[in-house]
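Here are the chains, one letter per residue:
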Amino acid sequence: DGGITQSPKYLFRKEGQNVTLSCEQNLNHDAMYWYRQDPGQGLRLIYYSQIVNDFQKGDIAEGYSVSREKKESFPLTVTSAQKNPTAFYLCASNSYGYTFGSGTRLTVV
Amino acid sequence: QKEVEQDPGPLSVPEGAIVSLNCTYSNSAFQYFMWYRQYSRKGPELLMYTYSSGNKEDGRFTAQVDKSSKYISLFIRDSQPSDSATYLCAMSARASKIIFGSGTRLSIRP
């Protein structure tokens, strides 16, 4: 079945640590997106990529980094510069409406 | 003012009732309108996708777009407990990123 796979489902980060969230798709979509979801705030765009080797900052890119070396993969790194990283992170790809992954819940410990 | 406004709820209705969920928006360039359903701790799933004004029906779900009023609606007929979820409206202009509402929490009482 085609879809988006996010891993891990749960992730714990210590203070000052960088962590990387994985996002893989087999839908052959060019565009991929990373969103952050906090209670009562809806989805906020972190980064997006319209094509391999190219990506743009979204509304809340500070403290995050991405790469797009392959069409299928769009990993997100949450760096130590992100002061409030605890949230639910969603990856999506786009063709006539987004297809979302099942999300990664990141918690700072 | 946010580009997309959505009442967060929660909205609680008895099983079998008709549910009406709504969003308003400010950007007249929006042409593509979507509704997503999100169960707790899951990613959103696309329910309805419409272009420009008008109605679209899919089973128990009907999406309406009124571009003159900048208002979109999702109706759920014969609501079921399994419809209990958060519903997100979303919209975009041509070839631009999608803007999401903050979501409405819906609970269907058996």
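Predicted, not measured: the structure shown is a model, and the values here were computed from it.

A.B. asks: What exactly am I supposed to notice about the sheet that holds strand S1 (residues 4-6) of chain B here?
C.D. replies: Strand pairing within a sheet occurs via backbone hydrogen bonds; the two strands may be parallel or antiparallel. Residue and element names in this part refer to chain B. The strand order S1-S3-S8-S7-S6 describes an open sheet built from five strands, whose pairing is antiparallel. Each edge of the open sheet carries a strand with a single partner, namely S1 and strand S6 (54-58). Geometrically, the sheet is characterised by an average inter-axis angle of 15° between neighbouring strands, direction not taken into account.

A.B. asks: Would you take a moment to explain the sheet that holds strand S8 (residues 76-78) of chain A for this structure?
C.D. replies: All names here are of chain A. The four strands are arranged S1-S3-S8-S7 in an open sheet whose pairing can be described as antiparallel. For this open sheet the edge positions go to strand S1 (4-7) and strand S7 (64-66), each flanked by a neighbour on one side alone. The mean angle between the axes of side-by-side strands here comes to 20°, regardless of whether they run parallel or antiparallel. Judged from the three bridges that link them, S7 and S8 form a sheet pairing that is antiparallel. In the strand pairing of S8, Tyr 64 is matched with Val 78.

A.B. asks: Would you mind showing me how to read the interface of chain B and chain A here?
C.D. replies: It is common to give the size of an interface as the accessible area lost on bringing the parts into contact. Listed by partner, the interface residues are 15 residues for chain B and 20 residues for chain A. Between chain B and chain A, roughly 1400 Å² of surface is buried when both sides are summed, and carbon and sulfur atoms account for 56% of that area. When the area that chain B buries against chain A is broken down by residue, the three leading residues are Arg41(B), Lys97(B) and Phe100(B), summing to 38%. At the boundary of chain B and chain A, one finds zero salt bridges. Run the count over chain B and chain A and you get three residue pairs in polar contact (both at pLDDT 80 or more). Broken down by element, the side of chain B that touches chain A gets its largest block of residues, three residues, from strand S4 (residues 32-38) of chain B.

A.B. asks: Explain the state of the cysteines to me, please; I cannot follow it from the model alone.
C.D. replies: Linking two cysteines covalently through their sulfur atoms gives a disulfide. Evaluation of the coordinates by the stated rule reveals two disulfides over all chains. Shown here is the disulfide that connects Cys23(A) with Cys91(A), its sulfur atoms set 1.9 Å apart. Residues Cys23(A) and Cys91(A) share a disulfide whose torsion about the S-S bond is about -70°; that sign makes it left-handed. Of this pair, Cys23(A) sits in strand S3 (residues 19-25) while Cys91(A) sits in strand S9 (residues 87-94); the two residues are 68 residues apart in sequence, bridging distant segments of the chain. An identical accessibility class is assigned to Cys23(A) and Cys91(A); each is buried. Across the disulfide from Cys23(B) sits Cys89(B); the S-S distance is 2.0 Å. Here the S-S torsion is close to -100°, and the disulfide linking Cys23(B) with Cys89(B) is therefore left-handed. With a gap of 66 residues between them, Cys23(B) in strand S3 (residues 19-25) and Cys89(B) in strand S9 (residues 85-92) connect regions that are remote in the sequence. Classification of Cys23(B) by relative accessible area gives buried; the value is 1%.

Conventions adopted
Residues numbered from 1 in each chain as written. Chains lettered and ligands numbered in written order. Predicted model: local features only at pLDDT ≥ 70, side-chain atom pairs only at ≥ 80, totals over all residues. Heavy atoms only, no water. Pairing = 2+ DSSP bridges. Helix = DSSP H or I, 4+ residues; strand = E, 2+ residues; numbered from the N terminus. Axes fitted to C-alpha atoms, helices over the stretch in contact; angles between N-to-C directions. Contact = heavy atoms within 4.5 Å. Buried area = accessible area lost by both parts, 1.4 Å probe. Salt bridge = Lys/Arg side-chain N within 4 Å of Asp/Glu carboxyl O. Polar contact = N/O pair within 3.5 Å; in protein donor to acceptor, adjacent residues only side chain to side chain. Disulfide = S-S within 2.5 Å. Buried < 20%, exposed > 50% of the residue type's maximum accessible area, 1.4 Å probe, protein only.

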